[in-house]
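# Results of the structural survey
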Amino acid sequence: MKGGRFPAYGWAGLLGMVAVQILLASGSPIAATWLTPLMWTGYILTADAAAHVRGGEAWLVTRRREFPFLVLISVAVWLGFEAYNLHLRNWAYAGIPTDPWLRGLGYFWSFATIMPGVFVTASLLKTLRRPTSRRRPVVPLPTFPSALAFLSGAAMVTLPVLVPPSTAAYLFAPVWIGFLLVLDPINHKLGVPSLWARWRAGDRWAVGDLLAAGLACGFLWEAWNWQAFQAGGGHWVYTIPDALRLFGLHFGQMPLLGLLGFPPFALELFAAYGFFRAALGGDRFFGTPAPAAPGRSQRR
């Protein structure tokens, strides 16, 4: 069922993105400095409205009360990755405000768009697929692979902080996967939506939509970061070893090989949000169950 007219907040987001690009082209230092949070805010509003029009789940329509919580968890989760980066030193920020309050606002605002950006993209992508009733056979979910995944994930997120920084710089990839392997089995045990459970139940789209959303958002992150860099505004630069740069090929600032990290990162965000929502009693506060992974069973 389609969701009706395009919401006003979607038009505000779309017009805001256009205005930011015009200001950036005109040499506005404000647009250059704040490009990442401005563009992502506009994109989230626009994509969420588009998902609503197409009959998908729109956070700002069906889960409006929960959206501030999503924003806060997004910031908290990314601060965890920033803590890892203190040791791994895979990226650094440049062109950001020197005033500590403005710099803190920029960090908070940018980090607050990460989870919403991925989740609304997944919801929108789900609406672009042709509905189908075909499902793969249900496979029983054994305990051993879940336990093995948990132990493997725990090793992957622990090892990078135990080795010297010169070696740790090569080990950020396990972090992008490790927390997923730790959290998803826990979510399954807690009765929280689990990607592993959905996969074994025959619903491959639950994983596929998130993987596609991660890749799409990765291209947007890097495209807008490159724009900010070109304009001398706030941006990040990658300081990973040359051996990981795959013949010097890049998309924007990101070494081409690094783009492969965005799809599993989206799965990790979904698992992390489900875990923290359950741990903090989200059902009790919001009166609605945790958002399920995008898949066929959610199509209205």
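Everything that follows concerns the structure shown earlier in this document.
This text gives an overview of the structure that appears in the document. (Residues numbered from 1 in each chain as written. Predicted model: local features only at pLDDT ≥ 70, side-chain atom pairs only at ≥ 80, totals over all residues. Heavy atoms only, no water.)

### Digging into unusual backbone geometry
For R89, which is not a glycine, the phi torsion comes out positive at approximately 55°. Relative to the helices and strands, R89 is located in the loop between α5 (67–88) and β1 (91–94). Look at R89 and you get exposed, because its relative accessible area is 52%. (Helix = DSSP H or I, 4+ residues; strand = E, 2+ residues; numbered from the N terminus. Buried < 20%, exposed > 50% of the residue type's maximum accessible area, 1.4 Å probe, protein only.)

### Looking at the environment of V53
Here V53 shows up in helix α3 (residues 35–53). For V53, a relative accessible area of 23% translates into the label partly exposed. Between the alpha carbons of V53 and G4 there is a distance of 5.3 Å; along the sequence they are 49 residues apart.

### What to know about a nonpolar patch on the surface
On the surface, a nonpolar cluster with roughly 500 Å² of combined accessible area is contributed by W11, L14, L15, V18 and I22. By the secondary structure assignment, L14 is in helix α1 (residues 8–25). Judged by relative accessible area, L14 falls into the partly exposed class, the value being 34%. (Patch = residues over 30% accessible without salt bridge, like charges linked within 9 Å, V, L, I, M, F, W, Y side chains within 5 Å. Areas by Shrake-Rupley, 256 points an atom, 1.4 Å probe, with all protein chains shown as cover. Salt bridge = Lys/Arg side-chain N within 4 Å of Asp/Glu carboxyl O.)

### Topic: the packing of aromatic side chains
Tallying each qualifying case throughout the model produces 29 aromatic pairs. Considering the side-chain rings of W34 and W109, the 5.9 Å spacing of their centres and the 40° angle between planes classify their relative orientation as tilted. You can see W34 sitting in the loop between α2 (29–33) and α3 and its partner W109 sitting in helix α6 (residues 100–112), a full 75 residues away along the chain. The exposure class of W34 is buried, given its relative accessible area of 15%. Using a relative accessible area of 28% as the deciding quantity, one classes W109 as partly exposed. (Phe/Tyr/Trp six-rings, centres within 6.5 Å; stacked < 30°, edge-to-face > 60°.)

### Quick word on the pattern of salt bridges
Applying the stated criterion across every chain yields a total of three salt bridges. Taking the shortest distance from any N to any O, the salt bridge between E57 and R63 comes out at 3.3 Å. Taken together, the shared-partner salt bridges connect E57, R63, E66 and R277 into one network.

### Details of the side chain of S123
With respect to the helices and strands, the residue S123 is situated in helix α7 (residues 114–127). Using a relative accessible area of 9% as the deciding quantity, one classes S123 as buried. A distance of 3.5 Å separates a polar side-chain atom of S123 from the backbone oxygen of E57. Non-local contacts of S123, meaning those with residues more than four positions away in its chain, are made with A51 and E57. (Polar contact = N/O pair within 3.5 Å; in protein donor to acceptor, adjacent residues only side chain to side chain. Contact = heavy atoms within 4.5 Å.)

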